[in-house]
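These are the residues of each chain, in order.
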Amino acid sequence: MVSLSDYLILSSIIFCIGLAGIFINRTNIITLLMCVELILVAVNTNFIAFSHFLGNEAGQIVVFFILTVAAAEVAIGLAILTLLFRVRGSINVDVTNSLKG
Amino acid sequence: MNNIDTFDTATLWLALPEIFLLSAIVVVLLLDLFLTKPFKQVTYYLTQLSLLITAILAFNLIGEPKSILFGNAFILDDMASVFKIFMAGSTMVALVYTRHYLTEHKLFRGEYFVLVLLAMLGMMVMVSGYSLLTLYLGLEILSLSLYALIAIARERAGAVEAALKYFVLGAIASGLLLYGMSMIYGISGSINISDIATFSANATLASREMLILNFGLVFLVIGIAFKLGAVPFHMWVPDVYQGAPTSVTMFLSTAPKIAAVAMLIRILVEGMGAMHAYWSDLLMVLALLSIALGSVVALMQTNIKRMLAYSTISHIGFILLGFVTGVISGYGAAVFYVLVYILMSLAAFGMIILFNKQGFEADKISDFKGLSKHSPWFALMMLVIMLSMAGVPPFIGFYAKLFILQQVVSAGFISIAVIVVVFAVISAYYYLQVIKSMYFESSDKAMTTTATMDVKLILSINAVLILMVGIFPDFWIKLALSLF
């Protein structure tokens, strides 16, 4: 039997990988989007595990909404990325450095 | 207080402003597709009309007893209604300036207005959200619309870059916020603010429940601080303010701040008021860092949009300071500050937009050199705006700062108040620099405006209000205090 704390440890590991990926990654913006998705997956795991062990459905409903929002978010993110590629010709993190001060 | 657990169609009218706005968005979106070039202005007028009707509907709901509807997901109280009116009002004013900007820069498209309306809907959901899920959804509707709005100037590399930065950091912030929400759901067993409030009030100090609640709380505070742009989660603010089209910067810096403050009130004050001792320390650190960094870094800016971004960060610090006090009058002072900030911010960005022409952004401080010779009336108004932001009496910015500091002192944080005043004095320098450029320097390049009469009129009213409300601030203060 998998216990609640196992799920929470798993999700916190995924969460940390996602966060670390965002801060360490200095090359590709697509990787950033993947890391954001990892964070959301960790959150979903949390919600489902809590929902199951509490016997309360609210958590599973929240997950549906998070999945939908995540899809919309990625759609907008990729659209912005396409624009960036069009104006800069590259999607590396280091091309986003014109705004400073 | 009405508390209706199940979904009941008879209570739908309490959400009438939201329902109306959603229908209006659909109409504007569809109608815009069928409008030919000469009739594109219809979209603009319809948008203004929808916002006006939304504000009127929200106004009619003032005085209704506090009701929690739709399975505890939605709250209608006076605070929600008043915030909705102010958000609709500031968006309407912002759109008047925006039209001038969009026409000058050939960005006038129907999508712009639809996205603004959608952002407005998201903000209304945030203001009225009473469960973690509705608050999150409102926040996402707002954020997704804002990402798209910034990228609407799709040929400008700066705007696209700003959109990308805002998107990435906004997505991280939502992720952190959600992680905190999942923790709080896990320990309290509910996503409703009222259940969380009961749970956190009953949790004993230093128990296991308290530990996990506190763990979730830290993530929630980080998420909200990201959205507000408080230091150390401010990295996106200057870049987005500078890179985004000025009309979007103006929108971004006004109404969404009310929504973010409302969300802070719903989650921290109403949901976790019992844990005030924990979150007030966090907010105190955020507030002090924001005021310090916002005041000092702005000194070195040459771009006025970037300077206003740092000034926003320091204003956010003041707003957070109001919540640190933990008393109702402190929260009232914070709400008063946010309303005042919006009035000033609208006027300041309105001034920049006023002088925008095709291919000229008027966003350098040096562009304002010698403005007093060429257009003394607008130079005078810029003077009023800058002095008000610096906190000079009798302008309204002074009273906003005064009330926050009064509350901070009476809550016993005297040393904090002294530090804050020192930084407020430092920040006066960069506001005065703009005034110096306008009045004591000359330039052979005269900035002229092609703006139509409505922009000039609304901008003048906006700036005069900063003075008038500063002389008679009673009504606004009473209004802000009556919301709690």
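Every value quoted in this text rests on a predicted model; they were computed, and no experiment measured them.

Side note on the interface of chain A and chain B
Then, in step 1: Contacts between the two partners involve 41 residues from chain A, matched on the other side by 40 residues from chain B.
Then, in step 2: Here chain A meets chain B over a buried area of about 3600 Å², counting both sides, of which 78% is carbon and sulfur.
Then, in step 3: Across the contact surface, chain A and chain B share one salt bridge.
Then, in step 4: The closest approach of N and O atoms between A:R88 and B:E161, which form a salt bridge, is 3.3 Å.
Then, in step 5: Here chain A is connected to chain B by five residue pairs in polar contact (both at pLDDT 80 or more).
Then, in step 6: For the side of chain A that touches chain B, the elements supplying multiple residues, two or more each, are helix 1 (4-24), helix 2 (29-54) and helix 3 (58-88) of chain A.
Then, in step 7: Broken down by element, the side of chain A that touches chain B gets its largest block of residues, 16 residues, from helix 3 of chain A.
Then, in step 8: Residues belonging to the side of chain A that touches chain B are distributed by class as follows: 27 nonpolar, 11 polar and three charged.

Some details on the environment of B:Q301
All names here are of chain B.
Then, in step 1: By the secondary structure assignment, Q301 is in the loop between helix 12 (276-297) and helix 13 (304-324).
Then, in step 2: For Q301, a relative accessible area of 7% corresponds to the buried category.
Then, in step 3: Through-space distance from the C-alpha of Q301 to that of I365 is 8.6 Å; in sequence the pair is 64 residues apart.
Then, in step 4: Separated by 3.2 Å, the side chain of Q301 and the backbone oxygen of V297 make a polar contact.

Side note on the nonpolar core
All names here are of chain B.
Then, in step 1: Core analysis: the largest hydrophobic core is formed by 226 residues, its most contacted members being W279, F323 and F336.
Then, in step 2: Contact partners of F323, with chain neighbours within four places excluded, come to V261, L264, I265, V269, H276, W279, L283, Y331 and A334.
Then, in step 3: Of all hydrophobic cores here, the second largest spans seven residues; its members include L14, A15, L69 and L76.

Structural notes on the environment of B:T43
Residues and elements named next belong to chain B.
Then, in step 1: When you line up the elements, T43 lands in helix 2 (residues 41-60).
Then, in step 2: For the pair T43 and V28, spaced 15 residues apart in the sequence, the C-alpha separation amounts to 6.4 Å.
Then, in step 3: In this structure, T43 is in contact with V28, D32, L35, G110 and F113, ignoring residues within four places of it in sequence.

Observations regarding unusual backbone geometry
Across residues other than glycine, the phi torsion is negative in most instances, and most of the peptide bonds are trans.
Residue and element names in this part refer to chain B.
Then, in step 1: The residue after V231, namely P232, is reached through a cis peptide bond having omega 5°.
Then, in step 2: With respect to the helices and strands, the residue P232 is situated in the loop between helix 8 (208-228) and helix 9 (236-243).
Then, in step 3: Omega for the bond connecting P393 with P394 falls within 30 degrees of zero, at 5°, which places this linkage in the cis form.
Then, in step 4: In this structure, P394 sits in the loop between helix 16 (376-390) and helix 17 (396-410).
Then, in step 5: Of note, A362 is a non-glycine position whose phi angle comes to about 55°, a positive value.
Then, in step 6: Mapped onto the elements of the fold, A362 is located in the loop between helix 14 (328-354) and helix 15 (371-374).
Then, in step 7: Classification of A362 as buried rests on a relative accessible area of 1%.

Calculation criteria
Residues numbered from 1 in each chain as written. Chains lettered and ligands numbered in written order. Predicted model: local features only at pLDDT ≥ 70, side-chain atom pairs only at ≥ 80, totals over all residues. Heavy atoms only, no water. Contact = heavy atoms within 4.5 Å. Buried area = accessible area lost by both parts, 1.4 Å probe. Salt bridge = Lys/Arg side-chain N within 4 Å of Asp/Glu carboxyl O. Polar contact = N/O pair within 3.5 Å; in protein donor to acceptor, adjacent residues only side chain to side chain. Helix = DSSP H or I, 4+ residues; strand = E, 2+ residues; numbered from the N terminus. Nonpolar A, V, L, I, M, F, W, Y, C, P; charged D, E, K, R; others polar. Buried < 20%, exposed > 50% of the residue type's maximum accessible area, 1.4 Å probe, protein only. Core = buried A, V, L, I, M, F, W, Y, C linked by side-chain atoms within 4.5 Å.

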